[in-house]
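Working through the structure, step by step
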Amino acid sequence: MNKFALIGAAGYIAPRHMRAIKEVQGELVAAFDPADSVGAMDSYFPDASFFTEFERFDRHIDVLSRSGNGVDYMCVCSPNYLHDAHSRFGLRSGADVICEKPLVLNPWNLDGLQEMEQHTGRTLYTILQLRLHPAIMALKQRIDTAPIDKIFEVDLTYITSRGAWYYVSWKGNEAKSGGIATNIGVHFYDMLSFVFGELQCNNVHVREPSHAAGYLEFKRARVRWFLSVDRNDLPTQTPDGQTTYRSITVDGDEVEFSGGFTDLHTRSYQDILNGGGFGIDQVRPSIELVSSIRSKALEPQKGDMHSFVIERN
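Residues numbered from 1 in each chain as written. Predicted model: local features only at pLDDT ≥ 70, side-chain atom pairs only at ≥ 80, totals over all residues. Heavy atoms only, no water.

Attention now moves to the overall build of the chain. Looking only at helices and strands, the chain has 11 helices and 12 strands in total. Its C-alpha atoms give the chain a radius of gyration of 20 Å, near enough to 20 Å, the size a compact globule of 313 residues would have. Expressed along its principal axes, the backbone C-alpha trace of the chain runs to roughly 60 × 45 × 35 Å. Counting only residues that meet the buried cut, the chain has 52% of its 313 residues in that class. For the chain, the accessible surface area stands at approximately 14,200 Å², while carbon and sulfur atoms represent 47% of it. Charge-centre separation for the chain: the mean point of 31 positive side chains lies 1 Å from the mean point of 40 negative side chains. (Helix = DSSP H or I, 4+ residues; strand = E, 2+ residues; numbered from the N terminus. Rg over C-alpha atoms; globule rule 2.2 N^0.38 Å. Buried < 20%, exposed > 50% of the residue type's maximum accessible area, 1.4 Å probe, protein only. Areas by Shrake-Rupley, 256 points an atom, 1.4 Å probe, with all protein chains shown as cover. Lys, Arg positive; Asp, Glu negative; His and termini not counted. Charge placed at Lys NZ, Arg CZ, Asp CG, Glu CD.)

What follows deals with the nonpolar core. With 67 residues, the main nonpolar core has Phe 57, Met 74, Tyr 189, Leu 192 and Phe 196 as its most contacted residues. Here the element with the most residues in this core is helix H8 (residues 180-196); it accounts for 10 residues. If near-sequence neighbours (up to four positions away) are discounted, Phe 196 is found in contact with Leu 139, Ile 143, Phe 152, Val 154, Phe 218, Lys 219, Arg 220, Ala 221 and Val 250. If you look at the next biggest cluster of nonpolar residues, it comprises 23 residues, including Ala 9, Met 18, Ile 21 and Val 38. (Core = buried A, V, L, I, M, F, W, Y, C linked by side-chain atoms within 4.5 Å. Contact = heavy atoms within 4.5 Å.)

Our next topic: the pattern of salt bridges. The final tally for this structure, using the stated rule, is 17 salt bridges. Two residues, Glu 153 and Arg 224, come together in a salt bridge whose shortest N-O distance is 3.1 Å. Of the two residues, Glu 153 sits in strand E7 (residues 152-160) while Arg 224 sits in strand E10 (residues 221-228), which places them 71 residues apart along the sequence. Among the salt bridges present, the one from Lys 296 reaches Glu 299, with a minimum N-O distance of 3.0 Å. Sharing partners across several salt bridges, the network here consists of Glu 153, Asp 155, Arg 222, Arg 224 and Asp 304. (Salt bridge = Lys/Arg side-chain N within 4 Å of Asp/Glu carboxyl O.)

Packed helix pairs are characterised by how far apart their axes lie and by the angle those axes make with each other. Running from N to C, helix H5 (residues 134-145) and H8 cross one another at 35°; their axes reach a closest spacing of 8 Å. On H8, the residues that touch Ile 136, Leu 139, Lys 140, Ile 143 and Asp 144 of H5 are Met 191, Phe 194, Val 195 and Phe 196. (Axes fitted to C-alpha atoms, helices over the stretch in contact; angles between N-to-C directions.)

Another point: unusual backbone geometry. Here the residue pair Lys 101 and Pro 102 is connected by a cis peptide bond, since its omega of -15° sits within 30 degrees of zero. Even without a glycine there, the phi angle at Gln 25 is positive, about 60°. Summarising the element assignment, Gln 25 is placed in the loop between helix H1 (14-23) and strand E2 (27-32).

Bringing H5 into the picture now. Taking 1.5 Å of rise per residue, 12 residues should cover 16 Å, and H5 covers 17 Å from first to last C-alpha, within 8% of that figure. Taken as a whole, H5 has its buried residues at Ala 135, Ile 136, Leu 139 and Ile 143. Buried residues of H5 fall within an arc of 95° about the axis and therefore sit on the same side. In H5, the exposed residues that point more than 90 degrees away from the buried face are Gln 141 and Thr 145. The inward-facing, buried residues of H5 abut E7, H8 and strand E11 (244-250). (Expected span 1.5 Å × (residues − 1). Arc of directions from axis to C-beta.)

Everything listed here is a matter of coordinates, which is why it stays silent on function.
This is the structure in structure tokens:
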């Protein structure tokens, strides 16, 4: 049975990792989080050791390793800006690492992590769950079998409402989260490059704390994108009580992928255990893209503008 440890046990995404570990017949032996709101552990691994001080967690992992019972996988679910350091810790501890998105905030951090992989002989994986979504896999097959010179027209819209707390938390701090494009968009950008090929053009039209928009050209697609955490951006036809709007259209056809998300972490874990998984080389294009979106000058007159931006203007 594979043994797992988890960093960031109190976070929103941690229960999906706990469930995945359970469903692949693994054992969570230790977990860490400065916050102690980790009651979700009772549903999965109530006997796992838990620590609120990293130094004690570090010591526990070291004791396990020196006694011949070291963990096989270190799962990183901490805030974005800590992923780099916690992934390094996992590798140094003699474990393979499974890290939530985004793997890092800046592309140059990837080089150091690859050096750490080589030094330790361990492997770092990241969660790119959309690559395993049946609808996205079907879309990729559709694109791959289309005429080679066919360029697709794509509109990506993702609005996930967040309250005032969001801007007070680390997620609202660009230095810690990477900003909205990184925090809620990075897996969509990875999906776009996975399906449509190499990025060729990137124009940013809007970049604000609550929303961002722009235009991308990939080898096989022209993409207009809009991301928001502001409920005021929800379309007027959104049903009462619905706080999220997600839409991807390809040549005007909606790609239906609102369902099928609940087991994608389990699929990701199983893929890793089966010898697959997504490593640093696969994640690099999306990290480079979100870093560029964060830093490049706004170019509202370049590239096609998303309809939501046109309406706002």
